Amino acid sequence: MVDVAVTLVLRFADVGIATYASLRVVGEPATTVTWVVAEPDLVAALDQLSTALPDPRVSETRRDAVERAIATGPFATPATELAIARTLGAQLLVPAAWQLLIDCVASPRAALFVSPSARLARVPWGLLAMPNDDGYRLLELVDVLMAAPSNIIHSARTSAGWGDRHDGPPLLILDPRVPGQRPDSARGSVLGRPSAETSLAQHFTELMQRRSVLPDASSAVELFRRTDADRPWLGRQLDRQPSRLLFVGHATAADGDVGHADRAALHLADERPLTAADLMSTKLPMPPRIAMMACASGGDYQFDEATGLVAAMILGGAQLVTATLWSLPTAAGYRQFAPAAGDHDPMAEAIIAVDRAHEEPHGGRAVNRWQREQMRRWRDGDTDASPLYWAALATFAVDGAR
């Protein structure tokens, strides 16, 4: 007898000033729990969350925001992080919803698909804690995945299956050199000077010893800071049908005040950023799994028409997309404001973890496993396991991918 994991769906919708929510078990409509998130609670929770994230608030510079997030914000210590996790858990989920989640705890672990409203787009759902003495995290009860926007799921697309592609070479786009940008400028290096001695280079060296990778390179160091990784180059690499794609670099989040999700963009070694609109219009064939370790690359849900970078990847054929909900501080930035970190590189640790997870049979669940490991390290007092990195990861899945 084969055990089948339970699937739940958590959905939020902003209607005027009210935010409606529901939690249901797929195939069991009688289990549905519905509620309304009180406006004062929602505003308070989101304001508290914004003080935790390394994105500038009013009058802050980016440097100020990174310093606040690392040194003084709610994600600076396990105690203050737990407090905000409990607050979010109490204000966004009602007791009946928590009870339904507990009732679904089983082996294999249940999968929860979250479809947030625009105002809740940057909530790190797995981090939420039960508002009681147990304090279980959502991530401990279920695997937390993001549901792709319904307008994307129902659009015409041809998906590339992992089963058909998993033996192919991964496409690695690592910190491409944006023209005209010095290494220390706003669009400069994310990963620092390439060196065979770094943990990232050693990870990719080991990967290259096990299998071929794209682009063709004689050493792992040649994968970093490439100057040829422009639009035509990307098209040629994708035509070689890679098994998956890992992008580490700069992304530009679309302006939520403008309301055009398709303006979100990746920065290649190109004069012009590659927008979500560009990806959708050119219909580049995407591999089944994609990881975008770039600033707020998973921000699709901030818009009523969720057609951002994640949507573009899914429309191009991807079935599993791991992206970030906010900007990840570079290793240099983290060390500057966390002196106790020494030479620890949390950015590299997150990149390696996601890269390894996407090699697993169930890539999204593997990302969740790493997040749980990090969360437990953090809870036990290991401040090297900062939630600024593990809680930022969100994995979107379609077509039954997990």
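This text follows the structure it describes.
Predicted, not measured: the structure shown is a model, and the values here were computed from it.

**Looking at the packing of aromatic side chains**
Consideration 1: Considering all chains together, one arrives at 6 aromatic pairs under this definition.
Consideration 2: Measuring from ring centre to ring centre gives 5.1 Å for F12 and W125, while their planes differ by 25°; the resulting arrangement is stacked. In this pair, F12 sits in strand β1 (residues 7–15) while W125 sits in the loop between β4 (111–115) and α5 (138–141), placing the two residues 113 residues apart along the sequence. The two residues F12 and W125 agree in class, both being buried.
Consideration 3: Ring pairs connect the aromatic residues F12, W35 and W125, which therefore count as one cluster.
Consideration 4: The side chain of R289 reaches across the aromatic face of W162, ending 3.9 Å from its centre.

**Concerning the pairing of strand β12 (residues 320–324)**
If a strand is regular, its side chains alternate between the two faces of the sheet.
Consideration 1: Burial runs high along β12: 5 of the 5 residues are buried.
Consideration 2: The side-chain alternation of β12 yields two buried faces, one formed by L320, T322 and T324 and the other by V321 and A323.
Consideration 3: Pairing of strand β11 (residues 289–293) with β12, which is carried by 3 bridges, proceeds in the parallel orientation. Bridge pairing in β12 links R289 to L320.
Consideration 4: One crossover worth recording links β11 to the parallel β12 by way of helix α11 (residues 309–315), and it is right-handed.
Consideration 5: In terms of strand pairing, β12 meets strand β13 (residues 393–397) through 5 bridges, oriented antiparallel. By the bridge assignment for β13, T322 is matched with T395.

**Some remarks on the sheet that holds strand β9 (residues 265–266)**
Consideration 1: Taken in spatial order, the 3 strands make up an open sheet running β8-β9-β10, and their pairing is antiparallel. Single-partner strands in this sheet number two, and they are β8 (251–252) and β10 (274–275).
Consideration 2: Pairing analysis gives 2 bridges linking β8 to β9, with the strands arranged antiparallel. What sits directly across from A251, in β9, is L266.

**Remarks on the sheet that holds strand β6 (residues 171–174)**
Consideration 1: Pairing is mixed across the open sheet formed by 10 strands, whose spatial order is β3-β2-β1-β4-β5-β13-β12-β11-β7-β6. Each of the sheet's edge strands pairs with one partner strand only, and the pair in question is β3 (28–37) and β6. Taking the axes of each pair of neighbouring strands and ignoring which way they run, one obtains an average angle of 20° across the sheet.
Consideration 2: Where strand β2 (residues 18–25) meets β3, 6 bridges bridge the pair, whose relative direction is antiparallel. In the strand pairing of β3, L23 is matched with V33.
Consideration 3: Against the sheet, helix α9 (residues 231–239) makes contact with β6 and β7 (244–248), and its axis sits at roughly 155° relative to β6, the strand it touches most.

**Quick notes on the pairing of β6**
Consideration 1: Burial of β6 is two-sided: the residues L171 and I173 facing one way and the residues L172 and L174 facing the other way are all buried.
Consideration 2: Where β6 and β7 come together, 4 bridges link them in parallel fashion. Bridge pairing in β7 places L174 opposite V248.

**Regarding the packing of helix α1 (residues 39–50) against helix α3 (residues 78–92)**
Consideration 1: Where α1 meets α3, the closest approach of the two axes is 10 Å, and the angle between their N-to-C directions is 155°. Between α1 and α3, the interaxial angle falls into the category roughly antiparallel. Where α1 crosses over α3, the two elements pack in a sense that is left-handed. Each of D41, L42, A44, A45, Q48 and L49 in α1 lies in contact with α3, whose residues at this interface are I84, T87, L88, Q91 and L92.
Consideration 2: Across the contact of α1 with α3, the residue classes break down as 7 nonpolar, 3 polar and 1 charged.

Criteria and cut-off values
Residues numbered from 1 in each chain as written. Predicted model: local features only at pLDDT ≥ 70, side-chain atom pairs only at ≥ 80, totals over all residues. Heavy atoms only, no water. Phe/Tyr/Trp six-rings, centres within 6.5 Å; stacked < 30°, edge-to-face > 60°. Helix = DSSP H or I, 4+ residues; strand = E, 2+ residues; numbered from the N terminus. Buried < 20%, exposed > 50% of the residue type's maximum accessible area, 1.4 Å probe, protein only. Lys NZ or Arg CZ within 6 Å of the ring centre and 35° of its normal. Pairing = 2+ DSSP bridges. Right-handed = clockwise from strand over helix to strand, strands pointing away. Axes fitted to C-alpha atoms, helices over the stretch in contact; angles between N-to-C directions. Contact = heavy atoms within 4.5 Å. Parallel < 35°, antiparallel > 145°, perpendicular 65-115°, else oblique. Left-handed = near helix turned anticlockwise from the far one by under 90°. Nonpolar A, V, L, I, M, F, W, Y, C, P; charged D, E, K, R; others polar.

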